[in-house]
Structures are given as structure tokens and as C-alpha cells.
Amino acid sequence: MEFEAVIGLEVHAQLKTRSKIFCGCSTAFGAPPNTHVCPVCLGMPGVLPVLNKKAVDFAIMTSIATNCTVARESRFARKNYFYPDLPKNFQISMYELPLSEHGWLEIETAAGKKRVGITRIHMEEDAGKLVHDEFAPVSRVDLNRTGTPLMEIVSEPDMRTPEEAGAYLRKLHAILRYLDVCDGNMEEGSFRCDANVSIRPRGQEAFGTRAELKNMNSFKNVEKALAFEIARQTAVIEDGGRVVQETRLWDANAMKTLPMRGKEEAHDYRYFPEPDLLPLVVFPQWEEELKARLPELPDARKARFTSQYGLSDYDAGVLTSERELADFFEAVMASCKGEPKQAANWVTGALMGLLNARGLSISESPVSALALAALLTLLDSGVISGKIAKTVFEEMAETGKAPDVIVKEKGLVQVSDASVIEKAVEEVLAENPAEVTGYRGGKTKLMGFFVGAVMKKTRGKANPGLVNELLKKRLDA
Amino acid sequence: MELFRLTVSEAADLLSRREISSRELTLAALSRIEAVEPKVGAFITLCREEALAAADAADKALAKGGAAPLCGIPLSVKDVLCTKGVRTTCGSKILESFFPPYDATVVSRLKDAGAVIIGKNNMDEFAMGSSTENSAFHPTRNPWDPCRIPGGSSGGSAAAVAADMGLCSLGSDTGGSIRQPASHCGVVGLKPSYGRVSRYGLVAYASSLDQVGPITKSVRDAAILMNAIAGHDPKDSTSMPKSAPDFTEALRGELSGMTLGLPKEYMEAEGLAPDVALLMEKAVKTLSELGASCVPVSLPHTGYAVAAYYLIAPAEASSNLARYDGVKYGFRAENPNDLAEMYKNTRSAGFGPEVRRRILLGTYALSAGYYDAYYGKASQVRTLIMRDFARVFASCDAVISPVSPTPAFLIGEKCADPLTMYLSDIFTVPANLAGIPGISVPCGFSADGLPVGLQIMADHFKEETLLTVAHAFEAAAGVSGKKPQL
């Protein structure tokens, strides 16, 4: 029997506000334990939450960008459960009336374009964290993260393959980064994803029993965990077994999902409306103001890159996949006269190769957009050849020097003086009489050999076009 | 002159004329406490040193002139209000060693006005109770009869004011906890509209019902205290974003032309003591003589109010009190084997029986499968009760009723029967459910010589109407001068 997977994703994105969602404490990561706290986020007796407007702005912006309908009135609710990292022993979240609902994102995979539905987006506060002592039977509580604003984005179970899930996550991530509402750092946990996955015989309407996957801290790991889980569930069913509804953790080292240890308790969170906060009413004008301030989003920017710069769909897609990368490309284009296609090749080729090799992000690039633009201008105006440009780029990446400085220091200016090149041509022909005879006898493929030899003699600086032309003239004469 | 007998307005006059100092007045209140507190038990914590320092600061401010009416006035606050650096127990063992690092907004407003806080009043644990017998520390006795309860949960505040231990007090009212003890102790108690006074730093019992308010010797004093504590607080999202009026202005108002509603459901309520009914009749007569027309009205959903209250309040309490887990502050049980045991032992030993009972009730009412039938239905009843009042206030300026069906009962009388205890809240919980203001003003004494209060309720944010009616009634009834023998 042939099976298909049904995948839904829940993303928790940390909103990039400076202060917490219900008090004025800093949200900065990495401070000494329990220094970014106050009576409110410590849940001391008698304190009350006051909603951070910026956090609401950010969640509304996300709702608009993901085609969700923002509720005129939403409500915070209390989710009650006991845990030491939760000072009030309830989390202020949203339940019956979320901030927004019924959105969608368009994703693109090898199979083509597809819409993935977004069920809802709601806001909530983060919990703190427990630090377990390695040497003593104690646990410590760090409440710095307590009250950090989160947005939970729940998708419809619309994805059928790990690839689609990956595409959805990358798209959502890109949108949040474009909006600048979340820093998107999966390692630090500011963009976390849980996946619900089940399988069913192809053609069947009803869903199978699902497993919830957690602990995947990269897009790749989400895809791998889903692929593993789909294979595991398929094997269970093919062996005549039944999939159990459970939470499973992805073990990236063992490359498999394992049932979460400890007994699985069916929590009753006893949700009820948060009496300390009024219903959140979003007037149309507020939403309109935010809509007007939205930046260009990935899809629109991609379309513009193809029309304005004449880039291929693929190049435009790669360049707009991250806001910083697209900004980098546009900064290059703003200060160089070269062809967009050539600039795109340099950014997606040499530059991204360099960043990948060094494990750097675009914002950490050792070669700035201005420097790359300067290099492309040298190339475009014929001062250096393409081959030399590669050398100069490597030097720029190593030393951080400007391209014209490198060209000058190393004497890399392209030689276009015909008399100089003619001299080198004469020498090469004189040094290789056998090859000359061969060429003239019909082995025209030896042209490459002669060009290489001339370039070597000129230390790569000769204008390759001119070298070809002069060699042809002498050999064919 | 016995300085401790003064009302706030009388003392403020003498202070501003520099005829007495705040230090003298404060010392008088403190020695009065020394003399009668052993018989009453109205305090959990006294702040003698802090009080004298505040009194000296107030005297300096008074010397400069132009000080606020509360400047230099010794008063107490219920131990449910956080006081920076001063132990705040909520009448509970679980907070017996809790020293808040912040003041409640109302406390900081009192301090800003120059008031002198002399101590923290006893109360039912976490404000859960109608008799102050649920304090983890000791019960409070009614100054009018030491065998009787002072009412609750702000029993310590009302008893302190009635016994002249401090000129006034702040209490909190979730289902009657200011009005009922004020009635039982023969003082004035005002529960403001929900949202009128900041709840920041008021340790939450039931967040959608709790309000802080004054307990005073006169209606004028209640207006003076309201001027100090009312008004928007950015730290409380449910506080009304508008500035409060000068409440003392309302004391000039007259009753002629006013319509006062007399709800038949209250007067026909089961268990209404004949003494109380008689005093109500007298009060109606007095008010009519003052020019008000008293008309019968109907609040048809009154019979469901207590049931709705005892679902909503415990539900919110079960969540509000979850934070007392031994992890961060307060009491923690020793040597648990694991986390669950730490929670269980801490909360079992830290909370008293009434608090545990309400946490269990509330947890149950919010549980999956029961939510709609209990919390959901109670919320609907609440809406109906609000509509009852809205309908009545369309034609009435205020509603008058008893505060409590009976005068103060005997200590221990209702302990074994929580349900009877709950039912005595029938006249006070509707105002909390509807979010409207209510005041208890002394209206006479039972045959046994126990004080009985008259309740006046008005529409949202119409505290001024309450004060006008209460002030006129107070002057005409002429009962507020009487003092208990201690």
C-alpha cells in the first residue's frame, strides 16, 4: 500500500521587542541568571501584567504578512500548570479568541507552487528555564526569559512531504526576518518548531494517528526528523502495528526520533479568560497603519528582482530568500555599473561559497557590498580580467583590503597593450616549435595551450580577448 | 481630648492649624493599640518605628503648609496590600515571612499624601471568609462584643477603626469584605466601582471582583480617602483611564428629587433577621424624610448571585494562588523527595482549610468537561445580574438594602457550616459581580446592641451618588457617634 504523510507545524517565534510582554524588563539574551527580572515577571503577590504594544504591533504585522484575518477582539487567557520555570504557575496565552486566523503562505518545491494554510496566530509569554546541577541533586531556576513575548503560528495540516515542511518554515522564517519582528535564531531558540505528523493510505480522507515531534533546532533537522518519522510510522503500519499518539524528541546525533521519557500526562490546562487584562481590541485604523508600514516581502521582492534586474526565477529566489542577502545584492547594484546577472553570479557564487566555507552569515561577510561593487566595476571596465577578479576577491576576503589597492599592490592591472602581448606571443611560439607545427598541421585544439602559455608569461594579466586575437593572427598567417 | 477618637477630617483640621502634631496623634493611636489590641486582635504586624518616622516627616511637611488632607494621619491597611519592606502575610502561613520589595499603588499614594501607616490588619486568609476566623494567626474580636466576629475578610480593618486604633483603614472587597465588617463593626466601608482604584500590589483573590476601598469613622473620611487612592494607574490594565473627581464635593449633595430602589428580592430573602428588617424600615423612613422617594424594584437574578460568586471567585483564586509553591518566596515544606511532593507538602501545610477548599472548588469548576457547566454558566449569570442593575439604574439613582442578613454572629457559630457562611454574603456579592460601587453606613443597633449597616449601591463610577446619600443619611440617622465599650 502506498502512504502519504500529513504534516502540520507549530512555530514559536520570539518577538524582537526590547522589553518583555507584560513588564519593562529587558529581553536581551545571555545576561547573568535572574538579572532581567522584576516583581511582575517574577510573579510576586499582587502584581499585574501590562501589555507591550510593540509586541502586538509585531504580531499584527506578521498576521497581515501571512494573509491572516486579524480579530477585532481577541483575549488573553490563562493556561494553568505547575512548573518551577513558570513563576505564576500559569502562562498568559491566548486560547478561544486568538489574535488572527485563516491565513496562508505560498511555498515552492520541486513539485511546484502550493498554498499552506495558517490556522491561527496568537501571543503568549515565554517561561524561564531550569538549570540542572551536574554534580549535586539540585535544579536552579533562571527567570530572565520569563515574559519574553512569543507568537505561536499554527499551520493547517497541509504539507505532505518533509521538503514542503522545510519550504514552509524557510518561507515563514524569511517573512519574519523581512518584517524584522523576530531574529530567527534557531540555535538560541528564538524560532522554534514542533511538527505534527501522521501517515494515511494515499486517497484516504481521514487522518492517521499523529506523533508530535520536538527538539529540532534547524530546518535540516526538521526535514530529517520528519523523513525518519514518516518511515518509522510506515514500517509500524506495514508490520501490522498501530501508531501511538505521543510526543517524540529528535536526536540529531542518533538521527532518529525517540518517545519523550517520563510518563505522558494528559494535561488539563484549565484555560479561562485572563481577568487582569482587558480584551485586546484592534481598531481597523491600527491595522491599516501597520499595513502601510510593512516592508516589501519576499514574494514581491523576488518578482521585482526578475523584472527590474532581469534575473532568472532561480537567482531571484536565492537572492530574496533572506532579507540581508537581498539588501546586499541591491547595495552592490546601487554602486556598480555592471550587469545585474554578473553581480548576481558573484553574490550567489563566490560570495556565498566563501560565507558557507567559513560558516558566516551575510551580515558577517568579510567583503562588503561596496567592496564587491568596486571589484565588479574594475572587471566591467576591463581594468582586470575575470580570472584576476577571482584572485582579487580571495585577497579581499583574506585581508579586507579594497580591490583597487590589491590590484595596484600586486600589479594586476590587465595588459591590453598589443605590443606587450605580441612580444609574449612571439616568445611562446619560439619556445614551442613542435606545437606550432602541430597546430598548423590541423591540431587546432592546441590554441588553448598557447593561450595558457601566454597568460602564464604575463602572470595572468593579459587581456584574454587580445591574446586570442593576436595568437590567431600569427598562427593562421 | 482623646486624640485617637478623632475622625480624619477633624484631625486634618487640627494638624493643619498646628494645634496637634502628627507625632502626638500617632503616639495616641499607638498607645490606644497597646491598650485595646489584646482584646480585639485587629493587627498582624505593627510598624511603630516606621510610623513615627513617617509622622515626623509629616510634621515637617505640615510646618511648610499646603499639605494634603491625609498628611500626618495615622491609619492601618489590611495585610492584603503590599508594603515595601514591611511583612505582608495575607493572613496566611504561606506568606508569613514575605517582605514585598514594592508598595501597592494605593499604599504609595497614601505615603505620597503623607499618611502614617501604623500597622497591617488581620484578615481571613487570602481574603477568603466573612468572619476573620480564617486568619492563620489569630481571630479578631468584634469591639462591640468580644464573643462575636467582626465580619470579614477585612475584619481587622473594621475592628481597628471601630476601636479607634488608627483613624481609618484600607480594606479590600471581593464579595462584601469591606461592607460586611463595616456593618458589623458600626463603621463606614466603601467598595468602589471595579476599575476605580488600582489593584496593583493588592494580593489577588479573585481578580475580576477585587477592589480596594476605605473603612472609616465617617462618610466624609471615606471621601477623603477616596480622593487619595482613586484614579488611573498605568500598572493596572483594568483601572479606569480617567481621573477621579473630588469626592468630597459629593458631600454637599441633597436627596430631594432622588429615587432610591428597594429590591424586593433582598427584603424577602430567607434568613433576614427581624432586627435588620426593622432597621431597614426605619432607614427608608429617614431617607424619605430627607426628600428621596423610595420605590420597590426587582433584581430578579439575585437568588443566583451567591452560587455564581462561589464559582467565579474560587476559579480565579485557584489560578491566582498557584504561585505560592515554595519555589520563589514564602513558606516551603522541608525535605521533599521530589518536585511534586514539594508542591503538595508546601501547599497542604501553607494554606488553611478554607483556602484549600476554595482552590479545590475553583480547580474543579475550570476543569475540562465542567467548565461550561460551572465557570461558563456562572459568567452568564453574572451578565444577567449586571443587566438587572442596569435596568434598575435606568430609573433609580441608587439601590438601598441591608448589608448582611444578620448582625455579627458568634465566634465559631458558622465555622462548621461553610455553606451557611457563604449564604450570608447574599446582599454584598451582587455589587462585585456587577462591578458597581457599594457603601455600608451605620443605620442603627439590634436589640442586642450590635451595629447594623445600610447598604447603598449605585451605577458604575457613581461613587458620588453613594457619598451624597450616605452623608445625608449619616447626619439624619445620628448613630455614628456611638462607641463600643472597651
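On a predicted model such as this, the values are computed, not experimentally measured, just so you know.

What counts as what
- Every chain begins its residue count from 1, and numbering advances along the sequence as written.
- Working convention: letters from A go to chains and numbers from 1 go to ligands, in the order in which they are written.
- The model is predicted, so local features are restricted to residues of pLDDT at least 70 and side-chain atom pairs to those at 80 or more, both for listing and for counting; the totals for chains, interfaces and linings are taken over all residues.
- In computing side-chain values, all of the structure's heavy atoms are included and hydrogens and water are not.
- Only runs of H or I of at least four residues qualify as helices and only runs of E of at least two qualify as strands under DSSP, and these elements are numbered from the N terminus.
- We compute the radius of gyration from the C-alpha atoms alone; for a globule the expected value is 2.2 Å times N to the 0.38, where N is the number of residues.
- Whether a residue is buried, partly exposed or exposed follows from its accessible area with a 1.4 Å probe, protein chains only, as a fraction of its type maximum: under 20%, in between, or over 50%, in that order.
- The charge count treats Lys and Arg as positive and Asp and Glu as negative. His and the chain ends do not count.
- Charge coordinates come from a single atom per side chain, which is NZ of Lys, CZ of Arg, CG of Asp or CD of Glu.
- Only heavy atoms enter the contact rule, under which two residues are in contact if any of them lie within 4.5 Å.
- As a working definition, buried area equals the accessible area (1.4 Å probe) given up by two parts on being put together, with both sides summed.
- For this document, the term salt bridge refers to a Lys or Arg side-chain nitrogen within 4 Å of an Asp or Glu carboxyl oxygen.
- Asp, Glu, Lys and Arg are counted as charged, while Ala, Val, Leu, Ile, Met, Phe, Trp, Tyr, Cys and Pro are counted as nonpolar; the rest, among them Gly, fall into the polar class.
- Working convention: axes come from line fits to C-alpha atoms, limited for helices to the stretch in contact. Angles between N-to-C directions cover 0 to 180 degrees.
- Between 65 and 115 degrees an angle is taken as roughly perpendicular, under 35 as roughly parallel, over 145 as roughly antiparallel, and anywhere else as oblique.
- For a crossing to be left-handed, the near helix must be turned anticlockwise from the far one by less than a right angle; the clockwise case is right-handed.
- The start and end points of each domain follow an automatic or database-based domain assignment.
- Whenever a pair of cysteine sulfur atoms sits within 2.5 Å, that pair is classed as a disulfide.
- If DSSP finds at least two bridges between two strands, the strands pair.
- As used in this structure description, the phrase polar contact means that two N or O atoms lie within 3.5 Å; if the pair is within protein, one of them must be able to donate a hydrogen and the other to accept it, and residues adjacent in sequence are counted only when both atoms belong to side chains.

K.L.:
Explain the overall build of chain A residue by residue, including any values.
P.N.:
Secondary structure summary: chain A contains 15 helices and 16 strands in total. Computed over the C-alpha atoms, the radius of gyration of chain A is 30 Å, more than 25% above the 23 Å expected from 2.2 N^0.38 for a compact globule of 477 residues. With the principal axes as the frame, chain A shows a C-alpha extent of 95 × 55 × 55 Å. Going through the 477 residues of chain A one by one, you find that 50% of them count as buried.

K.L.:
Can you tell me about the overall build of chain B, naming the residues and giving the values?
P.N.:
Of regular secondary structure, chain B possesses 16 helices and eleven strands. A compact globule built from 486 residues should have a C-alpha radius of gyration of about 23 Å, and chain B, at 21 Å, falls within 12% of that. Counting only C-alpha atoms, chain B reaches 65 × 50 × 45 Å along its principal axes. Counting all 486 residues of chain B, 66% fall into the buried class. Here chain B contributes 46 positively and 51 negatively charged side chains, and the mean placements of these two sets differ by 3 Å.

K.L.:
Would you mind going over the interface of chain B and chain A in detail, with residue names and values included?
P.N.:
Across the boundary between the two partners, chain B contributes 40 residues, which contact 30 residues of chain A. Regarding the contact of chain B and chain A, the summed buried area is about 2,700 Å², with carbon and sulfur atoms giving 60% of it. Contact with chain A buries area across many residues of chain B, yet B:Ser237, B:Ser319 and B:Arg323 alone supply 21% of it, more than any other trio. At the junction of chain B and chain A, the tally comes to one salt bridge. Between B:Arg199 and A:Asp276 there is a salt bridge, with the nearest N and O atoms lying 3.0 Å from each other. Per-element tally for the side of chain B that touches chain A: the top contributor is helix 10 (residues 305-320) of chain B, with five residues. Partitioning the side of chain B that touches chain A into residue classes produces 22 nonpolar, ten polar and eight charged.

K.L.:
Could you give an account of the packing of helix 5 (residues 298-309) of chain A against helix 7 (residues 323-334) of chain A, naming the residues involved and the relevant values?
P.N.:
All names here are of chain A. Here helix 5 crosses helix 7 at 20 degrees, and the two axes come no closer than 12 Å. Classified by the angle their axes make, helix 5 and helix 7 are roughly parallel. Between helix 5 and helix 7 the crossing geometry is left-handed. Of helix 7, the residues touching helix 5 (which contributes Arg301, Arg304, Phe305 and Tyr309) are Arg323, Ala326, Asp327, Phe329, Glu330 and Met333. Residue composition of the contact of helix 5 with helix 7, by class: five nonpolar, no polar and five charged.

K.L.:
Which residues make up the domain arrangement of chain A, and what values go with them?
P.N.:
Structurally, chain A comprises domain 1 (3-288), domain 2 (296-410) and domain 3 (418-476). Summarising the inter-unit geometry, the C-alpha centres of domain 1 of chain A and domain 3 of chain A are found 65 Å apart.

K.L.:
Break down the state of the cysteines for me, with residues and values.
P.N.:
Residue and element names in this part refer to chain A. The final tally for this structure, using the stated rule, is zero disulfides over all chains. The closest cysteine sulfur to the non-disulfide-bonded Cys23 is located on Cys38, 3.8 Å from its own sulfur. Cys38 supplies the cysteine sulfur nearest to Cys25, a cysteine that is in no disulfide, at a spacing of 3.6 Å. Overall, Cys25 belongs to the buried group, its relative accessible area being 10%.

K.L.:
Summarise the pairing of strand 7 (residues 259-263) of chain B; cite the residues concerned and give the values.
P.N.:
Residues and elements named next belong to chain B. Burial analysis of strand 7 places five of its five residues in the buried class, which makes it a mostly covered element. Of the two faces of strand 7, the one carrying Thr259, Gly261 and Pro263 and the one carrying Leu260 and Leu262 are both buried. Looking at chain direction, strand 7 and strand 8 (residues 293-297) are connected through five bridges and run parallel. Residue pairing in the sheet places Gly261 in a bridge with Val295 of strand 8. As paired elements, strand 7 and strand 9 (residues 398-402) share two bridges and run parallel to each other. Looking at the pairing, Gly261 lines up with Val399 of strand 9.

K.L.:
Any chance you could break down the environment of A:Glu163 for me, citing the residues and the numbers?
P.N.:
Residues and elements named next belong to chain A. By secondary structure assignment, the location of Glu163 is in helix 2 (residues 162-179). Considered as a pair, Glu163 and Lys456 are 293 residues apart in the sequence and their alpha carbons are 47 Å apart. Filtering out sequence-adjacent residues up to four positions away, Glu163 remains in contact with Thr109, Ala110 and Glu223.

K.L.:
Mind laying out the pattern of salt bridges, listing which residues take part and the relevant values?
P.N.:
All names here are of chain A. The tally for this structure, following the rule as stated, stands at 59 salt bridges over all chains. Among the ionic pairs, Glu246 bridges to Arg248, the shortest N-O distance being 2.6 Å. For Arg248, a relative accessible area of 6% corresponds to the buried category. Lys457 is the salt-bridge partner of Glu427, the closest N and O atoms lying 3.6 Å from each other. Of this pair, Glu427 sits in helix 12 (residues 418-431) while Lys457 is found in helix 14 (residues 447-457), placing the two residues 30 residues apart along the sequence.

K.L.:
Describe the packing of helix 13 (residues 433-440) of chain A against helix 14 of chain A, with residues and values.
P.N.:
Residues and elements named next belong to chain A. Two elements in contact, helix 13 and helix 14, have axes whose closest approach is 10 Å; the angle formed by their N-to-C orientations is 145 degrees. Handedness of the crossing formed by helix 13 with helix 14: left-handed. Of the residues in helix 14, those touching helix 13 at Glu435, Val436 and Tyr439 are Met447, Phe449 and Phe450. Each residue belonging to the contact of helix 13 with helix 14 can be placed in one class, and the counts come to five nonpolar, no polar and one charged.

K.L.:
Kindly report on the domain arrangement of chain B, identifying the contributing residues and their values.
P.N.:
Residue and element names in this part refer to chain B. Assigned domains of chain B: these are domain 1 (3-257 + 456-477) and domain 2 (306-378). A straight line from the C-alpha centre of domain 1 to that of domain 2 covers 28 Å. Contacts between domain 1 and domain 2 engage 20 residues on the former and 20 residues on the latter. Summing the contributions of domain 1 and of domain 2, the shared interface buries around 1,700 Å²; its carbon and sulfur component is 63%. By the criterion of area lost to domain 2, the three top residues of domain 1 are Ile94, Met128 and Tyr205, representing 38% of everything that side buries. Along the contact surface separating domain 1 from domain 2 lie zero salt bridges. On the surface where domain 1 and domain 2 come into contact, there are eleven residue pairs in polar contact (both at pLDDT 80 or more).

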